[in-house]
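As a plain string of letters, each chain reads:
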Amino acid sequence: MSNFVNLSIFENYQKYIDNEQEIREKIRLMVRKIEQNTKEAAIQLQIIHCDLSKIDDACGKARKTIAACSENYQSLSELIPHGQYYRYSDHWTYITQRLVFIIAMVVYLEAGFLVTRETVAEMLGLKTNQADGFHLDIEDYLMGILQMASELSRFATNSVTLGDYDRPLHISRFMANLNAGYRLLNLKNDGLRKRFDALKYDVKKIEEVVYDISIRGLKNITNEATDETSNKETEENYSSTNAVGTVENI
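Thresholds, definitions, all that
- Residues numbered from 1 in each chain as written.
- Predicted model: local features only at pLDDT ≥ 70, side-chain atom pairs only at ≥ 80, totals over all residues.
- Heavy atoms only, no water.
- Helix = DSSP H or I, 4+ residues; strand = E, 2+ residues; numbered from the N terminus.
- Buried < 20%, exposed > 50% of the residue type's maximum accessible area, 1.4 Å probe, protein only.
- Core = buried A, V, L, I, M, F, W, Y, C linked by side-chain atoms within 4.5 Å.
- Domains from an automatic or database assignment.
- Contact = heavy atoms within 4.5 Å.
- Salt bridge = Lys/Arg side-chain N within 4 Å of Asp/Glu carboxyl O.
- Patch = residues over 30% accessible without salt bridge, like charges linked within 9 Å, V, L, I, M, F, W, Y side chains within 5 Å.
- Areas by Shrake-Rupley, 256 points an atom, 1.4 Å probe, with all protein chains shown as cover.
- UniProt positions renumbered as here; feature names shortened; annotations may be inferred.
- Polar contact = N/O pair within 3.5 Å; in protein donor to acceptor, adjacent residues only side chain to side chain.

1. Regarding the environment of G163
Note that G163 resides in the loop between α6 (138-161) and α7 (167-183). Here G163 falls in the partly exposed class, since its relative accessible area comes to 41%. Distance in space between the C-alpha atoms of G163 and L218 is 9.7 Å, their sequence separation being 55 residues.

Printed below as a string of structure tokens:
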């Protein structure tokens, strides 16, 4: 009886499967290194919730850890076959969003502005255009910024506990602008839209903190116009290596 199945075909399939598993395993190992650095940076930033005097020190340490991530991303990009970024992107999507959050938090603490996608990509050694290869996806950037919003909501509350009554006012204005920026986007009914829906609760929480400060007479009388001018000067003087942008750059 003739053999109607060429078994050698399956041998070739097995070679393909083995090669695919080998690539994914190498990717997982490299992503674990990035995850470890990301956890360290996140831990270093937690000090801001209990000691405001250590913000600068925490940001400096976080930046050094982020630099290590940049080297790992370079190694990771070399593992991805040309044109197959989205075939394997599920391995690093979450951790990249987490890093966007950490970088955005560091830049906000240092200068009070929203970091641009281009600056985040530069700090991680990534591209911004898909055609150029391993890049920072727009959705990952937007998700990371929304994670920062939740952290700022918590930070505003803890700042009051630590006796800083001005910081929540600045955070409130920043969050209001951020919320306005996201409302300019026509988001589909997906994970990003659901995460954006949570932003209104973060904004509301901070507004309640500001309200409590106001009715208790803890709010300092400041000139917002002068404050905004000062912020613009700070942004212009911010180092080019740490360049940031306003919410309109989303």
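2. Here we look at the nonpolar core
In this structure, W92, I145, M148 and M175 are the most contacted members of the largest nonpolar core, which totals 66 residues. It is helix α4 (residues 93-111) that provides the largest number of residues to this core, a total of 12 residues. Lining this core are residues from two domains, each supplying at least three of them: domain 1 (10-110) and domain 2 (137-220). Setting aside residues up to four positions removed in sequence, M175 forms contacts with A149, L152, L199, D202, V203 and I206.

3. Some words on the pattern of salt bridges
Inspection of the entire model under this criterion finds 10 salt bridges. The closest approach of N and O atoms between R87 and E20, which form a salt bridge, is 3.3 Å. One end of the pair, R87, is in helix α3 (residues 85-88); the other, E20, is in helix α1 (residues 8-45), and 67 residues separate them in sequence. Of the residues examined, E20 reaches a relative accessible area of 13% and is grouped as buried. Here D57 makes a salt bridge to K61, at a shortest N to O gap of 3.4 Å. Of this pair, D57 and K61 are both found in helix α2 (residues 55-77), 4 residues apart, which corresponds to roughly one turn of the helix. Looking at D57, the relative accessible area reads 44%, which means it is partly exposed. A network of salt bridges, in which partner residues are shared, links E20, R24 and R87.

4. Regarding the environment of K33
Looking at the element boundaries, K33 is found in helix α1. In this structure K33 comes out as partly exposed when scored by relative accessible area, which is 48%. Residues K33 and N72, spaced 39 residues apart in sequence, show a C-alpha to C-alpha distance of 7.2 Å.

5. Some words on a nonpolar patch on the surface
A cluster of nonpolar side chains, L7, I9, F10 and Y13, forms an exposed patch at the surface whose accessible area comes to about 430 Å². Along the chain, F10 turns up in helix α1.

6. Points about the UniProt feature "binding site: Mg(2+)" (unreviewed entry) in the chain
The sites that carry the UniProt feature "binding site: Mg(2+)" (unreviewed entry) are, in the present numbering, E151. Along the polypeptide, E151 turns up in helix α6. Setting aside chain neighbours within four positions, we find E151 in contact with Q46, H49, F101 and M105. Looking at E151, its side chain comes within polar contact range of the side chain of Q46, at 3.5 Å.

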